[in-house]
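# Results of the structural survey
Below, each chain spelled out in residue letters.
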Amino acid sequence: GSPAQSQSFSFLQRSQQLKRPAWLAPAPCRLNSGLPMNIGVLFVPQQEAWVVERMGKFHRILEPGLNFLIPLLDRIRYVQSLKEIVINVPEQSAVTLDNVTLQIDGVLYLRVMDPYKASYGVEDPEYAVTQLAQTTMRSELGKLSLDRVFRERESLNANIVDAINQASDCWGIRCLRYEIKDIHVPPRVKESMQMQVEAERRKRATVLESEGTRESAINVAEGQKQAQILASEAEKAEQINKAAGREANAMLVRARAKAEAIQLLAAALAQQHGSAAASLSVAEQYVSAFSKLAKDSNTLLLPANTGDVTNMVAQALGIYTTLTKPQAVKPQTMKPQDELPPAREDPQPPTTEVLKAEQASSS
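Each chain carries its own residue numbering, running from 1 in the written order of its sequence. Side-chain atom pairs in this predicted model are given and counted only at pLDDT of 80 or more, local residue features only at pLDDT of at least 70, and totals for whole chains, interfaces and linings cover all residues. The basis for the side-chain values is all heavy atoms of the structure; hydrogens and waters are excluded.

The name recorded for the protein in an unreviewed UniProt entry is Stomatin-like protein 2, mitochondrial, from Atlantisia rogersi. UniProt positions are given in the numbering used here, feature names are shortened, and annotations may be inferred rather than shown by experiment. Within the UniProt record for the protein, the comment given under Subcellular location (unreviewed entry) is "Mitochondrion inner membrane". Note on the protein: under the UniProt heading Sequence similarities (unreviewed entry), the record states "Belongs to the band 7/mec-2 family."

What follows is the structure in C-alpha coordinates.
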(Lines give C-alpha, C1' and ligand atoms only; values in the text may rest on other atoms or scores of the structure.)
Protein backbone atom coordinates (compact mmCIF):
# COMPACT_ATOMS: atom_id res chain seq x y z
CA GLY A 1 0.00 0.00 0.00
CA SER A 2 3.06 2.32 0.11
CA PRO A 3 3.96 4.72 -2.70
CA ALA A 4 7.09 2.71 -3.44
CA GLN A 5 5.08 -0.45 -3.99
CA SER A 6 2.63 1.34 -6.33
CA GLN A 7 5.49 2.80 -8.34
CA SER A 8 7.16 -0.61 -8.62
CA PHE A 9 3.83 -2.14 -9.77
CA SER A 10 3.33 0.47 -12.48
CA PHE A 11 6.91 -0.01 -13.63
CA LEU A 12 6.30 -3.78 -13.80
CA GLN A 13 3.25 -3.22 -15.99
CA ARG A 14 5.22 -0.98 -18.35
CA SER A 15 8.03 -3.53 -18.59
CA GLN A 16 5.54 -6.26 -19.45
CA GLN A 17 4.11 -4.08 -22.22
CA LEU A 18 7.57 -3.49 -23.64
CA LYS A 19 8.30 -7.24 -23.67
CA ARG A 20 5.40 -8.00 -26.12
CA PRO A 21 6.48 -9.68 -29.34
CA ALA A 22 7.13 -7.41 -32.31
CA TRP A 23 4.40 -8.99 -34.49
CA LEU A 24 1.71 -7.96 -32.00
CA ALA A 25 0.19 -4.49 -32.19
CA PRO A 26 1.28 -2.14 -29.40
CA ALA A 27 -1.20 -1.72 -26.59
CA PRO A 28 -2.90 1.66 -26.65
CA CYS A 29 -2.52 3.95 -23.67
CA ARG A 30 -5.45 5.62 -21.96
CA LEU A 31 -5.44 8.98 -20.27
CA ASN A 32 -6.35 8.73 -16.55
CA SER A 33 -5.20 10.19 -13.29
CA GLY A 34 -2.89 7.26 -12.47
CA LEU A 35 -2.89 5.27 -9.22
CA PRO A 36 -3.35 7.75 -6.38
CA MET A 37 -2.05 7.26 -2.80
CA ASN A 38 -4.42 6.36 0.02
CA ILE A 39 -4.29 9.21 2.50
CA GLY A 40 -7.69 8.47 4.04
CA VAL A 41 -9.65 11.21 2.31
CA LEU A 42 -9.89 10.96 -1.48
CA PHE A 43 -11.67 12.92 -4.19
CA VAL A 44 -12.62 10.84 -7.24
CA PRO A 45 -12.95 12.80 -10.52
CA GLN A 46 -16.07 12.65 -12.66
CA GLN A 47 -16.34 9.80 -15.21
CA GLU A 48 -13.78 7.68 -13.36
CA ALA A 49 -14.14 4.55 -11.23
CA TRP A 50 -11.50 3.59 -8.64
CA VAL A 51 -11.30 -0.10 -7.75
CA VAL A 52 -10.30 -0.50 -4.09
CA GLU A 53 -8.79 -3.67 -2.55
CA ARG A 54 -8.68 -4.28 1.20
CA MET A 55 -5.90 -6.54 2.32
CA GLY A 56 -5.44 -7.81 -1.28
CA LYS A 57 -9.15 -8.59 -1.84
CA PHE A 58 -11.70 -6.58 -3.82
CA HIS A 59 -13.50 -4.24 -1.47
CA ARG A 60 -15.56 -1.68 -3.42
CA ILE A 61 -15.59 0.83 -6.28
CA LEU A 62 -15.32 4.49 -5.37
CA GLU A 63 -17.88 6.80 -6.93
CA PRO A 64 -17.02 10.33 -8.12
CA GLY A 65 -16.82 12.78 -5.25
CA LEU A 66 -15.67 12.54 -1.60
CA ASN A 67 -14.63 9.09 -0.35
CA PHE A 68 -12.98 7.81 2.87
CA LEU A 69 -10.55 4.89 3.07
CA ILE A 70 -8.51 3.26 5.82
CA PRO A 71 -4.82 3.84 5.25
CA LEU A 72 -2.51 0.82 5.06
CA LEU A 73 -5.49 -1.57 4.75
CA ASP A 74 -7.17 -0.19 1.61
CA ARG A 75 -5.33 0.25 -1.66
CA ILE A 76 -6.46 1.73 -4.99
CA ARG A 77 -5.60 -1.04 -7.45
CA TYR A 78 -7.22 0.08 -10.74
CA VAL A 79 -8.46 3.36 -12.18
CA GLN A 80 -11.01 2.90 -14.97
CA SER A 81 -12.15 5.74 -17.23
CA LEU A 82 -15.88 5.69 -18.03
CA LYS A 83 -15.55 7.95 -21.05
CA GLU A 84 -15.80 6.71 -24.63
CA ILE A 85 -12.42 5.45 -25.73
CA VAL A 86 -11.11 5.78 -29.29
CA ILE A 87 -8.58 3.15 -30.35
CA ASN A 88 -6.74 3.22 -33.64
CA VAL A 89 -6.60 -0.30 -35.11
CA PRO A 90 -3.25 -0.75 -36.90
CA GLU A 91 -3.10 -1.57 -40.58
CA GLN A 92 -3.30 -5.26 -41.39
CA SER A 93 -3.41 -7.48 -44.45
CA ALA A 94 -6.45 -9.55 -45.33
CA VAL A 95 -7.31 -11.85 -48.24
CA THR A 96 -10.73 -11.55 -49.89
CA LEU A 97 -12.86 -14.36 -51.27
CA ASP A 98 -11.40 -13.88 -54.78
CA ASN A 99 -7.79 -14.06 -53.44
CA VAL A 100 -6.97 -10.34 -53.46
CA THR A 101 -4.72 -9.11 -50.64
CA LEU A 102 -5.84 -5.84 -49.06
CA GLN A 103 -4.25 -3.54 -46.52
CA ILE A 104 -6.96 -2.25 -44.20
CA ASP A 105 -7.12 -0.28 -40.96
CA GLY A 106 -9.90 1.08 -38.78
CA VAL A 107 -11.00 2.87 -35.64
CA LEU A 108 -12.68 1.38 -32.56
CA TYR A 109 -15.02 3.24 -30.19
CA LEU A 110 -15.26 1.56 -26.76
CA ARG A 111 -16.70 2.28 -23.34
CA VAL A 112 -16.18 0.58 -19.97
CA MET A 113 -19.58 -0.58 -18.75
CA ASP A 114 -18.47 -2.63 -15.69
CA PRO A 115 -15.26 -1.45 -13.92
CA TYR A 116 -15.05 -4.71 -11.92
CA LYS A 117 -15.02 -6.96 -15.04
CA ALA A 118 -12.71 -4.56 -16.85
CA SER A 119 -10.25 -4.80 -13.94
CA TYR A 120 -10.36 -8.52 -13.16
CA GLY A 121 -11.79 -10.09 -16.34
CA VAL A 122 -8.80 -9.53 -18.64
CA GLU A 123 -5.23 -8.34 -18.18
CA ASP A 124 -5.34 -5.62 -20.86
CA PRO A 125 -8.92 -5.13 -22.15
CA GLU A 126 -8.06 -2.54 -24.75
CA TYR A 127 -5.33 -4.65 -26.29
CA ALA A 128 -7.61 -7.68 -26.28
CA VAL A 129 -10.37 -5.77 -28.05
CA THR A 130 -7.92 -4.46 -30.64
CA GLN A 131 -6.66 -7.96 -31.46
CA LEU A 132 -10.22 -9.25 -31.60
CA ALA A 133 -11.16 -6.49 -34.05
CA GLN A 134 -8.21 -7.39 -36.31
CA THR A 135 -8.97 -11.11 -36.37
CA THR A 136 -12.68 -10.48 -36.93
CA MET A 137 -11.87 -8.11 -39.79
CA ARG A 138 -9.73 -10.76 -41.50
CA SER A 139 -12.42 -13.43 -41.14
CA GLU A 140 -15.18 -11.11 -42.41
CA LEU A 141 -13.14 -9.99 -45.42
CA GLY A 142 -12.48 -13.63 -46.32
CA LYS A 143 -16.24 -14.06 -46.86
CA LEU A 144 -16.56 -11.20 -49.37
CA SER A 145 -15.22 -10.57 -52.85
CA LEU A 146 -13.33 -7.40 -53.74
CA ASP A 147 -16.33 -5.67 -55.30
CA ARG A 148 -18.56 -6.45 -52.32
CA VAL A 149 -15.98 -5.09 -49.88
CA PHE A 150 -16.43 -1.59 -51.30
CA ARG A 151 -20.21 -1.89 -51.53
CA GLU A 152 -20.89 -3.46 -48.13
CA ARG A 153 -18.68 -1.48 -45.79
CA GLU A 154 -21.58 -0.68 -43.46
CA SER A 155 -22.62 -4.32 -43.10
CA LEU A 156 -18.96 -5.26 -42.61
CA ASN A 157 -18.64 -2.73 -39.76
CA ALA A 158 -21.83 -4.00 -38.14
CA ASN A 159 -20.64 -7.62 -38.26
CA ILE A 160 -17.35 -6.67 -36.59
CA VAL A 161 -19.15 -4.77 -33.81
CA ASP A 162 -21.44 -7.76 -33.13
CA ALA A 163 -18.50 -10.17 -32.97
CA ILE A 164 -16.57 -7.90 -30.56
CA ASN A 165 -19.56 -7.41 -28.24
CA GLN A 166 -20.17 -11.15 -27.99
CA ALA A 167 -16.58 -11.76 -26.84
CA SER A 168 -16.09 -8.63 -24.71
CA ASP A 169 -19.22 -9.03 -22.60
CA CYS A 170 -17.26 -10.81 -19.89
CA TRP A 171 -14.62 -8.08 -20.00
CA GLY A 172 -17.02 -5.31 -19.00
CA ILE A 173 -16.40 -3.41 -22.23
CA ARG A 174 -18.87 -2.60 -24.96
CA CYS A 175 -17.90 -1.74 -28.54
CA LEU A 176 -20.08 1.13 -29.73
CA ARG A 177 -19.00 1.17 -33.38
CA TYR A 178 -16.20 0.27 -35.75
CA GLU A 179 -15.24 2.28 -38.81
CA ILE A 180 -12.92 1.30 -41.66
CA LYS A 181 -10.55 4.17 -42.42
CA ASP A 182 -8.60 3.13 -45.49
CA ILE A 183 -8.50 0.17 -47.85
CA HIS A 184 -5.29 -0.13 -49.85
CA VAL A 185 -5.44 -2.24 -53.02
CA PRO A 186 -2.35 -3.66 -54.77
CA PRO A 187 -1.16 -1.53 -57.73
CA ARG A 188 -1.93 -4.13 -60.40
CA VAL A 189 -5.40 -4.74 -59.03
CA LYS A 190 -5.95 -0.99 -58.86
CA GLU A 191 -4.96 -0.62 -62.53
CA SER A 192 -7.32 -3.43 -63.54
CA MET A 193 -10.11 -1.79 -61.54
CA GLN A 194 -9.49 1.50 -63.30
CA MET A 195 -9.59 -0.25 -66.68
CA GLN A 196 -12.84 -1.94 -65.66
CA VAL A 197 -14.34 1.40 -64.65
CA GLU A 198 -13.29 2.99 -67.94
CA ALA A 199 -14.74 0.06 -69.91
CA GLU A 200 -17.98 0.34 -67.97
CA ARG A 201 -18.17 4.06 -68.69
CA ARG A 202 -17.49 3.48 -72.40
CA LYS A 203 -20.20 0.82 -72.39
CA ARG A 204 -22.67 3.23 -70.81
CA ALA A 205 -21.75 5.93 -73.31
CA THR A 206 -22.24 3.51 -76.21
CA VAL A 207 -25.59 2.34 -74.83
CA LEU A 208 -26.75 5.93 -74.33
CA GLU A 209 -25.65 6.85 -77.84
CA SER A 210 -27.45 3.85 -79.35
CA GLU A 211 -30.60 4.70 -77.38
CA GLY A 212 -30.41 8.26 -78.67
CA THR A 213 -30.03 7.02 -82.24
CA ARG A 214 -32.97 4.67 -81.74
CA GLU A 215 -35.17 7.43 -80.36
CA SER A 216 -34.17 9.71 -83.22
CA ALA A 217 -35.00 7.04 -85.83
CA ILE A 218 -38.35 6.39 -84.15
CA ASN A 219 -39.18 10.09 -84.16
CA VAL A 220 -38.21 10.42 -87.84
CA ALA A 221 -40.30 7.36 -88.75
CA GLU A 222 -43.28 8.71 -86.81
CA GLY A 223 -42.94 12.05 -88.61
CA GLN A 224 -42.79 10.39 -92.01
CA LYS A 225 -45.80 8.24 -91.13
CA GLN A 226 -47.85 11.27 -90.09
CA ALA A 227 -46.77 13.13 -93.22
CA GLN A 228 -47.82 10.24 -95.46
CA ILE A 229 -51.16 9.94 -93.67
CA LEU A 230 -51.86 13.65 -94.06
CA ALA A 231 -50.78 13.57 -97.73
CA SER A 232 -53.03 10.57 -98.45
CA GLU A 233 -55.96 12.23 -96.70
CA ALA A 234 -55.41 15.42 -98.72
CA GLU A 235 -55.21 13.41 -101.96
CA LYS A 236 -58.37 11.52 -101.03
CA ALA A 237 -60.23 14.76 -100.33
CA GLU A 238 -59.00 16.20 -103.61
CA GLN A 239 -60.13 13.14 -105.55
CA ILE A 240 -63.53 13.26 -103.81
CA ASN A 241 -63.94 16.90 -104.73
CA LYS A 242 -62.87 16.28 -108.31
CA ALA A 243 -65.14 13.25 -108.62
CA ALA A 244 -68.05 15.17 -107.16
CA GLY A 245 -67.47 17.98 -109.64
CA ARG A 246 -67.10 15.65 -112.61
CA GLU A 247 -70.19 13.63 -111.63
CA ALA A 248 -72.28 16.79 -111.21
CA ASN A 249 -71.09 18.11 -114.55
CA ALA A 250 -71.77 14.74 -116.21
CA MET A 251 -75.26 14.64 -114.75
CA LEU A 252 -75.94 18.14 -116.03
CA VAL A 253 -74.60 17.26 -119.48
CA ARG A 254 -76.68 14.07 -119.63
CA ALA A 255 -79.79 15.94 -118.52
CA ARG A 256 -79.24 18.65 -121.15
CA ALA A 257 -78.60 16.02 -123.87
CA LYS A 258 -81.72 14.13 -122.85
CA ALA A 259 -83.77 17.32 -122.91
CA GLU A 260 -82.44 18.21 -126.37
CA ALA A 261 -83.12 14.65 -127.56
CA ILE A 262 -86.69 14.84 -126.30
CA GLN A 263 -87.18 18.19 -128.03
CA LEU A 264 -85.78 16.82 -131.30
CA LEU A 265 -87.94 13.70 -130.99
CA ALA A 266 -91.05 15.77 -130.35
CA ALA A 267 -90.27 17.96 -133.37
CA ALA A 268 -89.73 14.88 -135.53
CA LEU A 269 -92.96 13.29 -134.41
CA ALA A 270 -94.86 16.49 -135.17
CA GLN A 271 -93.75 16.41 -138.80
CA GLN A 272 -95.46 14.48 -141.61
CA HIS A 273 -95.14 10.68 -141.40
CA GLY A 274 -93.80 10.98 -137.83
CA SER A 275 -96.12 8.28 -136.55
CA ALA A 276 -94.83 5.87 -139.18
CA ALA A 277 -91.24 6.51 -138.09
CA ALA A 278 -92.22 5.99 -134.46
CA SER A 279 -93.89 2.69 -135.38
CA LEU A 280 -90.74 1.56 -137.16
CA SER A 281 -88.54 2.46 -134.15
CA VAL A 282 -90.82 0.60 -131.73
CA ALA A 283 -90.80 -2.47 -133.98
CA GLU A 284 -86.99 -2.44 -134.14
CA GLN A 285 -86.70 -2.17 -130.38
CA TYR A 286 -89.19 -5.03 -129.93
CA VAL A 287 -87.22 -7.29 -132.25
CA SER A 288 -83.92 -6.37 -130.51
CA ALA A 289 -85.38 -7.08 -127.07
CA PHE A 290 -86.91 -10.37 -128.26
CA SER A 291 -83.53 -11.52 -129.58
CA LYS A 292 -81.93 -11.08 -126.11
CA LEU A 293 -84.38 -13.32 -124.30
CA ALA A 294 -83.05 -16.33 -122.35
CA LYS A 295 -79.47 -14.98 -122.27
CA ASP A 296 -79.28 -14.01 -118.57
CA SER A 297 -81.77 -16.48 -117.02
CA ASN A 298 -83.71 -19.62 -117.87
CA THR A 299 -86.95 -18.30 -116.34
CA LEU A 300 -89.07 -16.22 -118.75
CA LEU A 301 -92.51 -14.58 -118.55
CA LEU A 302 -93.91 -13.97 -122.08
CA PRO A 303 -97.28 -12.65 -123.23
CA ALA A 304 -99.57 -14.88 -125.27
CA ASN A 305 -99.09 -12.94 -128.51
CA THR A 306 -95.32 -12.72 -128.42
CA GLY A 307 -94.91 -13.56 -132.10
CA ASP A 308 -97.52 -11.06 -133.30
CA VAL A 309 -95.30 -8.09 -134.00
CA THR A 310 -98.10 -6.12 -135.68
CA ASN A 311 -100.34 -6.31 -132.61
CA MET A 312 -97.50 -5.30 -130.24
CA VAL A 313 -96.61 -2.29 -132.40
CA ALA A 314 -100.29 -1.30 -132.67
CA GLN A 315 -100.61 -1.38 -128.81
CA ALA A 316 -97.47 0.71 -128.38
CA LEU A 317 -98.67 3.31 -130.86
CA GLY A 318 -102.11 3.39 -129.21
CA ILE A 319 -100.51 4.15 -125.84
CA TYR A 320 -98.37 6.87 -127.40
CA THR A 321 -101.41 8.42 -129.18
CA THR A 322 -103.38 8.43 -125.89
CA LEU A 323 -100.56 10.17 -124.00
CA THR A 324 -99.98 12.78 -126.71
CA LYS A 325 -103.65 13.58 -127.43
CA PRO A 326 -104.61 17.00 -125.98
CA GLN A 327 -107.21 16.77 -123.25
CA ALA A 328 -110.47 18.78 -123.53
CA VAL A 329 -110.80 21.83 -121.33
CA LYS A 330 -113.20 21.10 -118.48
CA PRO A 331 -116.00 23.62 -117.83
CA GLN A 332 -115.70 25.49 -114.54
CA THR A 333 -119.35 24.92 -113.64
CA MET A 334 -118.96 21.18 -113.69
CA LYS A 335 -118.75 19.58 -110.29
CA PRO A 336 -116.13 16.99 -109.43
CA GLN A 337 -118.70 14.24 -108.88
CA ASP A 338 -120.13 14.79 -112.38
CA GLU A 339 -116.78 14.32 -114.08
CA LEU A 340 -116.53 11.28 -116.23
CA PRO A 341 -113.37 9.48 -117.26
CA PRO A 342 -112.29 10.21 -120.78
CA ALA A 343 -113.28 7.60 -123.28
CA ARG A 344 -110.41 5.52 -124.55
CA GLU A 345 -110.04 5.74 -128.24
CA ASP A 346 -108.92 2.79 -130.19
CA PRO A 347 -105.53 3.16 -131.69
CA GLN A 348 -105.43 3.93 -135.36
CA PRO A 349 -104.60 0.89 -137.41
CA PRO A 350 -101.18 1.06 -138.98
CA THR A 351 -100.90 1.81 -142.60
CA THR A 352 -100.24 -0.86 -145.19
CA GLU A 353 -96.71 0.42 -145.89
CA VAL A 354 -95.71 0.24 -142.25
CA LEU A 355 -97.03 -3.30 -141.86
CA LYS A 356 -95.20 -4.47 -144.96
CA ALA A 357 -91.97 -2.89 -143.72
CA GLU A 358 -92.34 -4.56 -140.30
CA GLN A 359 -93.02 -7.98 -141.84
CA ALA A 360 -89.97 -7.59 -144.06
CA SER A 361 -87.74 -6.63 -141.08
CA SER A 362 -89.08 -9.52 -138.94
CA SER A 363 -88.45 -12.02 -141.74
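What follows concerns the overall build of the protein. Helix and strand definitions here come from DSSP, where helices need a minimum of 4 consecutive H or I residues and strands a minimum of 2 consecutive E residues; each element is numbered from the N-terminal end. Assigned secondary structure in the protein consists of 9 helices and 8 strands. Going through the 363 residues of the protein one by one, you find that 24% of them count as buried. For the protein, the share of sequence-separated contacts (at least 6 apart) that also reach a separation of at least 24 residues comes to 66%. Exposure is judged per residue with a 1.4 Å probe applied to protein chains only, and the accessible area is read against the type maximum: over 50% gives exposed, under 20% gives buried, and values in between give partly exposed. Contacts: residue pairs with any heavy atoms within 4.5 Å of one another.

The next subject is the sheet that holds strand S8 (residues 173-184). At least two DSSP bridges between two strands are required for those strands to pair. Sheet architecture is open: 3 strands sit in the order S6-S7-S8, paired in antiparallel fashion. The open sheet has two edge strands with one neighbour each: strand S6 (84-95) and S8. Each neighbouring strand pair of the sheet contributes to a mean axis angle of 20°, computed without reference to strand direction. As paired elements, S6 and strand S7 (residues 101-112) share 10 bridges and run antiparallel to each other. Pairing of Gln92 across the sheet is with Ile104, part of S7. Here an axis means a line fitted to C-alpha atoms, over the contact stretch when the element is a helix, while the angle between two N-to-C directions is reported on a 0 to 180 degree scale.

Quick look at the nonpolar core now. By nonpolar core is meant a set of buried Ala, Val, Leu, Ile, Met, Phe, Trp, Tyr and Cys residues that side-chain atoms within 4.5 Å join together. Residues Leu108, Met137, Ile164 and Tyr178 are the most contacted members of the largest nonpolar core, which totals 32 residues. Among the secondary structure elements, those contributing two or more residues to this core are S6, S7, helix H3 (125-141), helix H4 (146-151), helix H5 (153-167) and S8. Considering every element that reaches this core, the biggest residue donor is H3, with 6 residues. Residues Leu42, Val52, Leu62 and Ile76 belong to the second largest nonpolar core, which totals 8 residues.

Let us look at the packing of aromatic side chains. Put simply, two rings from Phe, Tyr or Trp (the six-membered ring, in Trp's case) pair if the centres are within 6.5 Å, and we call them stacked under 30 degrees between planes, edge-to-face over 60, tilted for the rest. All chains considered together, the criterion is met by 4 aromatic pairs. Judged by centre distance (6.0 Å) and plane angle (80°), the ring pair of Phe58 and Tyr120 falls under edge-to-face. Placement of Phe58 in strand S3 (residues 57-62) and of Tyr120 in helix H2 (residues 115-120) is noted, with a sequence separation of 62 residues between them. By relative accessible area, Phe58 is classed as partly exposed at 32%. For Tyr120, a relative accessible area of 34% gives the class partly exposed.

Burial along strand S1 (residues 41-44) is one-sided: Leu42 and Val44 are buried, and none of Val41 and Phe43, which face the opposite way, are. Pairing of S1 with strand S4 (residues 65-68) involves 4 bridges; the strand directions are antiparallel. Paired with Val44 across the two strands is Gly65, which belongs to S4.

One can find Asp74 in strand S5 (residues 74-81). Residues within four places of Asp74 in sequence aside, it is in contact with Asn38, Val52, Glu53, Arg54 and Leu69.

What follows is about the sheet that holds S3. In spatial order, the strands read S3-S2-S5; together these 3 strands make up an open sheet with antiparallel pairing. On the outer flanks of this sheet lie S3 and S5, each paired with one strand and no other. Strand-to-strand twist across the sheet, computed as the mean angle between neighbouring axes with direction ignored, equals 25°. Of the strand pairs in this sheet, strand S2 (residues 48-54) and S5 are connected by 7 bridges, and their pairing is antiparallel. Among the inter-strand pairings, Val51 is bridged to a residue of S5, identified as Tyr78.

Let us now look at the pattern of salt bridges. When a carboxyl oxygen of Asp or Glu lies within 4 Å of a side-chain nitrogen of Lys or Arg, that pair is called a salt bridge. Taken as a whole and judged by the stated rule, the model has 9 salt bridges. In this structure, Asp74 engages Arg54 in a salt bridge whose closest nitrogen and oxygen atoms are separated by 2.5 Å. In this pair, Asp74 sits in strand S5 while Arg54 sits in strand S2, placing the two residues 20 residues apart along the sequence. Here Arg54 falls in the partly exposed class, since its relative accessible area comes to 30%. Lys143 is paired through a salt bridge with Glu140; the nearest N and O atoms lie 3.8 Å apart. Salt bridges sharing common partners tie together Glu53, Arg75 and Arg77.

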